[in-house]
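Descriptive analysis of the structure
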Amino acid sequence: MSDPMNVLAPEHRRLRIGDAWRDAAGGATFVVEDPATGKTIAEVADAGVVDGLAALDVASKAMAEWAATPPRKRSELLTATYRALTERSEEVARLITLEMGKPLAEARGEVAYGAEFFRWFAEEAVRVEGRYNTAPAGGYRILTVPKPVGPCVFVTPWNFPLAMGARKIAPALAAGCTTITKPAAQTPLTMLFLARIMEEVGVPPGVVNVVTTKRAGEVVSALLADRRTRKLSFTGSTEVGRVLLRQAADNVLRTSMELGGNAALIVCADADLDVALDGAMVAKMRNIGESCIAANRIYVEEPVREEFTARFAERMGALSVGHGLDDGVDVGALIDEASVTKIDELVADAVNRGARVLVGGERPDGPGHFYPPTVLVDVPEDARILEAEIFGPVAPIISFTSDDEVMAKANDTEHGLVGYVFTRDLQRALRFTEGLETGMVGVNRGLISDPSAPFGGVKQSGIGKEGSHEGILEYLDVTYAAIDLP
Ligand code: NAP
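Residues numbered from 1 in each chain as written. Predicted model: local features only at pLDDT ≥ 70, side-chain atom pairs only at ≥ 80, totals over all residues. Heavy atoms only, no water.

Counted by the stated rule, this structure contains zero disulfides. Free cysteine: C152, not disulfide-bonded; nearest cysteine sulfur from C177 at 4.0 Å. When its relative accessible area of 0% is taken as the criterion, C152 is described as buried. (Disulfide = S-S within 2.5 Å. Buried < 20%, exposed > 50% of the residue type's maximum accessible area, 1.4 Å probe, protein only.)

Next up, the structure:
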């Protein structure tokens with residue numbers, strides 16, 4: 001099999017600014033590693049503030065022409081991006097696996113998911129509407145005119161190197177905005193490849209800019225401090241999200257914040273256990289558990305605790321761990337050593353406080369950042385693992401005896417991204433849907449991400465929605481005109 005890096009020529013491992021692929025001012029670079037081996041796979045440009053501002057300059061200059069481009073034309077460019085990503089799915093997937101570590105089958109899933117944002121927003125681009133109505137007291141008319149917010153700054157995480165950018169870039173372009181994306185330093189290659197694809201399909205220069213950097217703090221804060229920036233969309237940790245919200249406040253920016261989660265997955269005694277097991281496996285293990293919507297705490301009602309736990313542990317123990325590009329691998333490498341260490345400490349803390357390890361629990365020797373699928377039971381309430389975002393293949397199982405009790409526990413967190421409930425009782429499902437303090441609920445489903453659905457959290461999991469019709473509204477301002485007509 002050929003080297004996945006072949007798809008991204010050396011001249012495209014640089015900054016995409018306007019119509020150029022260029023080195024960072026001063027020529028700095030940084031290396032990207034394969035997390036499964038620790039080996040260097042590429043060197044990319046390391047942008048500084050001056051490069052970030054150069055990208056903002058071209059994005060600002062491109063804004064008027066892009067906003068005035070007919071919606072149908074913008075839509076066609078998004079459709080062309082969808083098609084190109086779909087046709088080149090295998091190349092993109094292999095690049096994602098190489099830099100991020102997820103198994104190839106999951107990377108293919110991410111390409112399909114990421115590409116779908118371009119198709120969805122190609123369809124939304126031509127459906128942006130205003131209103132015209134008579135003022136209630138008569139005498140004049142009310143006209144609303146949607147307008148693109150302006151140049152957008154995007155900061156994305158490493159866990160979905162394509163999809164987290166796609167779900168910002170696609171709606172922004174559909175609305176008529178220009179963009180600057182700063183991908184995570186650990187996974188910049190996929191975003192550069194996307195920019196290359198968008199160049200090839202004919203997206204005009206200046207509309208999609210990509211600035212790779214190891215100096216996120218200084219580059220992003222310079223962008224947010226510049227009055228030409230009109231919108232920040234960030235996906236990442238709640239901790240960094242708070243910092244960026246403070247910075248965005250100085251310039252009163254529109255913001256969309258997709259932050260961390262601490263999802264409870266609730267299995268009621270009346271659930272179809274086959275469905276609950278499938279759902280729990282997906283909700284826990286998709287993306288190696290490195291997902292903001294990963295099940296972080298699994299609550300099982302006492303009458304089915306034993307059966308669910310035994311069957312879940314058996315399935316977790318049967319997963320194979322290895323390099324994501326190898327055949328038959330279910331669980332790839334975690335992103336870095338810090339992540340493995342954090343997870344190992346969370347497991348040790350739980351065990352020290354009385355939890356039992358049913359499966360896994362021991363970090364392996366050897367190269368690469370691996371951690372085995374792990375199931376913990378008898379996890380005490382004060383274990384840190386119930387509060388921290390695990391972001392890995394570890395499942396703490398806790399039993400419960402009443403809906404009120406489990407609802408209170410599920411909601412006892414600063415996060416509010418998603419919850420999952422498994423039950424055959426419709427009223428119970430609706431009570432959980434209404435009672436969980438989350439932006440999303442999976443009912444008898446462990447997979448909820450869908451470009452046609454509004455994704456986003458409440459509480460400290462974020463502000464705003466991505467995907468669906470709501471997704472494009474995040475990139476539109478509304479001007480209201482009062483028109484005199486006695
Ligand atoms: P992170 O550390 O917050 O980093 C996210 C992005 O922010 C990266 O591009 C990072 O750049 C950048 N960054 C870090 N510090 C910054 C600063 N001071 N100023 C400006 N930018 C800064 O998060 P992560 O570890 O990459 O991703 C995992 C987190 O993302 C988890 O908490 C997960 O729940 C969350 N997430 C949320 C969603 C959602 O939709 N709600 C989806 C996916 C992930 P560097 O790479 O250079 O550090």
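UniProt records the feature "domain: Aldehyde dehydrogenase" (unreviewed entry) at residues 21-479, using the numbering of this structure. Segment residues 21-479 splits into 41% helix and 19% strand. End C-alpha atoms: 36 Å apart. (UniProt positions renumbered as here; feature names shortened; annotations may be inferred. Helix = DSSP H or I, 4+ residues; strand = E, 2+ residues; numbered from the N terminus.)

One non-glycine residue, N444, adopts positive backbone phi at about 55°. Assignment of secondary structure puts N444 in the loop between β18 (440-443) and β19 (462-463). In this model, K459 sits at a positive phi of 50°, which is unusual for a non-glycine residue. The topology assignment puts K459 in the loop between β18 and β19. For K459, a relative accessible area of 37% puts it in the partly exposed group.

What follows is about the site of the ligand. Of all residues adjacent to the ligand, which total 29 residues, the nearest are T156, R167, S237, L259 and E389. Side-chain polar atom of W158 to an oxygen atom of the ligand: 3.0 Å apart, as the coordinates give it. For the ligand, an oxygen atom lies 3.4 Å from a polar atom in the backbone of G236. Taken by itself the ligand offers 900 Å² of open surface, and the protein chains cover 84% of this. Those elements that place two or more of their residues in the shell around the ligand are α5 (163-175), α7 (216-225), β10 (231-235) and α8 (238-250). Broken down by class, the residue content of the shell around the ligand amounts to 17 nonpolar, eight polar and four charged. (Near = heavy atom within 4 Å. Polar contact = N/O pair within 3.5 Å; in protein donor to acceptor, adjacent residues only side chain to side chain. Areas by Shrake-Rupley, 256 points an atom, 1.4 Å probe, with all protein chains shown as cover. Nonpolar A, V, L, I, M, F, W, Y, C, P; charged D, E, K, R; others polar.)

I266, F308, F312 and I385 are the most contacted members of the largest nonpolar core, which totals 62 residues. The biggest single contributor to this core is helix α9 (residues 273-285), with seven residues. Setting aside residues up to four positions removed in sequence, I266 forms contacts with Y299, F400, V406, A410, Y420, V421, F422, F432 and L436. The next biggest cluster of nonpolar side chains, apart from the first, holds 59 residues, and it includes V44, F118, F154 and L162. (Core = buried A, V, L, I, M, F, W, Y, C linked by side-chain atoms within 4.5 Å. Contact = heavy atoms within 4.5 Å.)

Adjacent strands of a sheet form backbone hydrogen bonds with each other and so pair up, either parallel or antiparallel. Strand order in the open sheet formed by seven strands is β14-β15-β16-β13-β12-β17-β18, and the pairing between neighbours is mixed. In this open sheet, the two strands that pair with only one neighbour each are β14 (356-359) and β18. In this sheet, neighbouring strand axes are inclined to one another by 25° on average, regardless of whether the strands run parallel or antiparallel. Note that strand β13 (residues 295-301) and strand β16 (residues 394-400) share four bridges and pair parallel. Looking across to β16, one finds that I298 is bridged to I397. Of the strands in this sheet, β12 (263-267), β13, β17 (418-422) and β18 touch helix α13 (residues 426-435), which is tilted by about 160° from β18. (Pairing = 2+ DSSP bridges. Axes fitted to C-alpha atoms, helices over the stretch in contact; angles between N-to-C directions.)

Of note, A271 is situated in the loop between β12 and α9. The exposure class assigned to A271 is buried, which follows from its relative accessible area of 5%. Here the alpha-carbon distance between A271 and D425, two residues 154 residues apart in the chain, equals 8.0 Å. Excluding residues within four positions of it along the chain, A271 makes contact with A276, F422, T423 and R424.

Now for the UniProt feature "active site" (unreviewed entry) in the protein chain. Mapped onto the present numbering, the UniProt feature "active site" (unreviewed entry) falls at E258. Relative to the helices and strands, E258 is located in strand β11 (residues 254-258).

The strand order across the open sheet formed by three strands is β5-β6-β20, and the pairing between neighbours is antiparallel. Every other strand in the sheet has two partners, leaving β5 (132-134) and β20 (476-484) as the edge strands with one partner each. The average undirected angle you get between the axes of adjacent strands in this sheet is 25°. Pairing of strand β6 (residues 140-148) with β20 involves nine bridges; the strand directions are antiparallel. Looking across to β20, one finds that T144 is bridged to Y480.

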